[in-house]
Amino acid sequence: MIMSTMLHRATAFAALLLSAFYLALPATAADLSPEKIEKVLAEAHKAFKGVKDGANADYIPALDEVDPELFGISLVTPDGRVYNVGDSKYTFSIQSISKAFIAARVIQDQGTEAMLEQIGVDATGQPFNSIEAIESIEERSVNPLVNAGAMAAVSMIKADSPEEKWAQIQGTLESFAGRELTVMDDIYASEAATNDRNQAIAKLLDAYGRLYDDVPVTVDLYTRQCSVGVTSHDLAVMAGTLAAGGRNPVTGDQVIDEDKVPEVLAVMATAGLYDDSGIWLYNVGLPAKSGVGGGIVAVAPGEYGIAAFSPRLDAAGNSVRAQLAIEYVVENLGGNVFE
Ligand code: GLN
């Protein structure tokens, strides 16, 4: 009798342990032990640091002056562990990666419908600064991750003055990063002096009634937003916040509501790497966002946020090494949302 009770208890205990083990693991669980993460990040850095393909963006002159050999990779888990390899402390301009987080701000403050109706969430299949996409697609701005939709998103932020609007933009990026961020003045000046195309895009959107604030103010705020300095460490925390259901894993702050996160990730999956978003999703299986400064963030929901940085870009404007590094990490740690 005593024996059988003990046996019963032991079996029940084993079953409990087993189910706790399985419950703790999502279906596509990545192996996120510190040793494994460190090993995979180091391997990715070593494997791709010799890749010389692509070239720095040069349509913003200051970006062409950044050392093309810089290469950093960072990963953050929802429980706040941070892993870095390479040049993870180097500050570069966030550029278009900011668009995903400002889109999150607009979805959070103004709701799903406002994003759908005033901007849209479809792919353009065109380069990020396409004017043709505005002309040929009836809705004009199509998603907040290309320049047209990103400037529309900036124009939608509700504020009484440009300064107040800037405070919201900067504050949003800072809350995702978990620290104070500043504009890189040289990048800002360089882009402000050469952003005629973005001025044209904003003016055209305005003519179609798809820009919701003053044109020069919007272009200026957007240019400043793109010039905010970040490290790959910062970007991984930002991606990690989306991976952790909108809660910054380092500060613990709930930055956006958990139920808004899937919408942000859906837009990233659709348009995060511009006209190469499809091939990226096919190869890597993670929502992501790139910037012409050389950074890319990707989000494995519930598992990790990852960022990589290296300035040389491919024809679509996406960092060559950052793409290779993130693809390698996903293949070796797991996390592909379709697996
Ligand atoms: N500031 C850049 C621009 O508007 C951002 C583009 C990008 O990162 N793809 O051209």
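Preceding this section is the structure that the text describes.
Residues numbered from 1 in each chain as written. Predicted model: local features only at pLDDT ≥ 70, side-chain atom pairs only at ≥ 80, totals over all residues. Heavy atoms only, no water.

1. A short note on the overall build of the protein chain
To be explicit about the condition: Helix numbers and strand numbers start at the N terminus; a helix is a DSSP run of H or I with at least 4 residues, a strand a run of E with at least 2. Radius of gyration: over C-alpha atoms. The globule rule applied is 2.2 Å multiplied by the number of residues raised to the 0.38 power. Residue exposure (1.4 Å probe, protein chains only): buried if accessible area is under 20% of the type maximum, exposed if over 50%, otherwise partly exposed. The contact rule is simple, with two residues in contact once any of their heavy atoms fall within 4.5 Å. In this description, accessible areas are obtained by the Shrake-Rupley approach with a 1.4 Å probe, and a residue is regarded as covered only by the protein chains that are shown.
Tallying secondary structure elements over the protein chain gives 13 helices and seven strands in all. By the compact-globule yardstick of 20 Å for 339 residues, the protein chain fits well, its C-alpha radius of gyration being 21 Å. Across its three principal directions, the C-alpha atoms of the protein chain cover 85 × 45 × 35 Å. Counting every position in the protein chain, which comprises 339 residues, the buried fraction comes to 53%. Here the analysis covers contacts within the protein chain between residues at least 6 apart in sequence; of these, 70% occur between residues at least 24 apart. As displayed, the protein chain offers around 14300 Å² of accessible surface, 56% of which is attributable to carbon and sulfur atoms.

2. Let's talk about the environment of Tyr274
Mapped onto the secondary structure, Tyr274 falls in the loop between α11 (261-271) and α12 (277-283). Using a relative accessible area of 5% as the deciding quantity, one classes Tyr274 as buried. Each C-alpha atom, one on Tyr274 and one on Ala123, is 8.0 Å from the other, the two residues being 151 residues apart in sequence. Beyond its immediate sequence surroundings of up to four residues, Tyr274 is in contact with Ser96, Phe128, Leu145, Val146, Lys289, Ser290, Gly291, Ala316, Gly317 and Asn318.

3. Remarks on the site of the ligand
The condition is simple: Note on definitions. A residue lies near a molecule or strand when any single heavy atom of the residue is within 4 Å of it. Whenever two N or O atoms come within 3.5 Å, that pair is a polar contact, provided that in protein one can donate a hydrogen and the other can accept it, and provided that, for residues adjacent in sequence, both atoms are side-chain atoms. Charged means Asp, Glu, Lys or Arg here, nonpolar means Ala, Val, Leu, Ile, Met, Phe, Trp, Tyr, Cys or Pro, and polar covers whatever is left, Gly included.
Taken together, Tyr59, Gln95, Ser96, Phe128, Asn147, Glu191, Asn198, Tyr222, Cys226, Tyr274, Gly291 and Val292 make up the full set of residues adjacent to the ligand. Contact distances for the ligand include 2.6 Å between an oxygen atom and a side-chain N or O atom of Ser96. Expressed as a share of its isolated accessible area of 300 Å², the protein-covered part of the ligand is 99%. For the shell around the ligand, the class distribution of residues is six nonpolar, five polar and one charged.

4. Remarks on the sheet that holds strand β1 (residues 72-76)
Selection rule: We treat two strands as partners when DSSP finds at least two bridges between them. Axes here refer to lines fitted to C-alpha atoms; in helices the fit is confined to the stretch in contact. Angles between the N-to-C directions go from 0 to 180 degrees.
Taken in spatial order, the five strands line up as β2-β1-β7-β6-β5 in an open sheet, and their pairing is antiparallel. Every other strand in the sheet has two partners, leaving β2 (82-86) and β5 (288-290) as the edge strands with one partner each. Neighbour-to-neighbour, the strand axes of the sheet open up by a mean angle of 10 degrees, direction not taken into account. Pairing of β1 with strand β7 (residues 304-309) involves five bridges; the strand directions are antiparallel. Opposite Ile73, over in β7, you have Ala308 as the bridge partner.

5. Some details on unusual backbone geometry
With the exception of glycine, the majority of residues adopt a negative phi angle, and the majority of peptide bonds are in the trans configuration. At Gln95, a residue that is not glycine, the phi angle is positive and equals roughly 50 degrees. Secondary-structure assignment places Gln95 in the loop between β3 (92-93) and α3 (97-118). The backbone of Tyr274 sits at a positive phi, close to 55 degrees, despite the residue not being glycine.

6. Here's the deal with the pattern of salt bridges
Rule in force here: Any carboxyl oxygen of Asp or Glu that lies within 4 Å of a side-chain nitrogen of Lys or Arg is treated as forming a salt bridge with it.
In this structure the tally under the stated criterion is 10 salt bridges. Glu43 is the salt-bridge partner of Lys39, the closest N and O atoms lying 2.9 Å from each other. On the criterion of helical spacing, the pair formed by Lys39 and Glu43 is a turn pair, its members being four residues apart in helix α2 (residues 34-48). For Glu43, a relative accessible area of 26% translates into the label partly exposed. The partner of Lys52 in a salt bridge is Glu69, and the shortest N-O contact between them spans 3.0 Å. Highlighted residues: Lys52 in the loop between α2 and β1 and Glu69 in the loop between α2 and β1, separated in sequence by 17 residues. The partly exposed category is assigned to Glu69, whose relative accessible area is 32%. Through salt bridges with shared partners, one network takes in Lys52, Glu69, Arg312 and Arg321.

7. Quick notes on the packing of aromatic side chains
Where we set the bar: Each Phe, Tyr or Trp ring (for Trp, its six-membered ring) is paired with any other whose centre lies within 6.5 Å, and the angle between the two planes then decides the class: stacked below 30 degrees, edge-to-face above 60, tilted in between. Over a ring means this: the NZ of a Lys or the CZ of an Arg is within 6 Å of the ring centre and within 35 degrees of the ring normal.
Counting across every chain of the model gives six aromatic pairs. Judged by centre distance (5.8 Å) and plane angle (5 degrees), the rings of Tyr90 and Phe309 are stacked. Of this pair, Tyr90 sits in the loop between β2 and β3 while Phe309 sits in strand β7, and the two are 219 residues apart along the sequence. Residue classification places Phe309 among the buried residues on the basis of a relative accessible area of 0%. Here the aromatic rings of Phe92 and Phe309 are separated by 3.8 Å at their centres, their planes lie at 5 degrees, and the arrangement is stacked. Pair noted here: Phe92 is in strand β3 and Phe309 is in strand β7, with a separation of 217 residues, a long-range link. Of the two residues examined, Phe92 and Phe309, each falls in the buried class. Arg224 extends its terminal NZ or CZ atom over the ring of Trp166, reaching a point 5.0 Å from the ring centre. The residue whose ring lies beneath Arg321 is Phe71, and the NZ or CZ to ring-centre distance is 5.4 Å.

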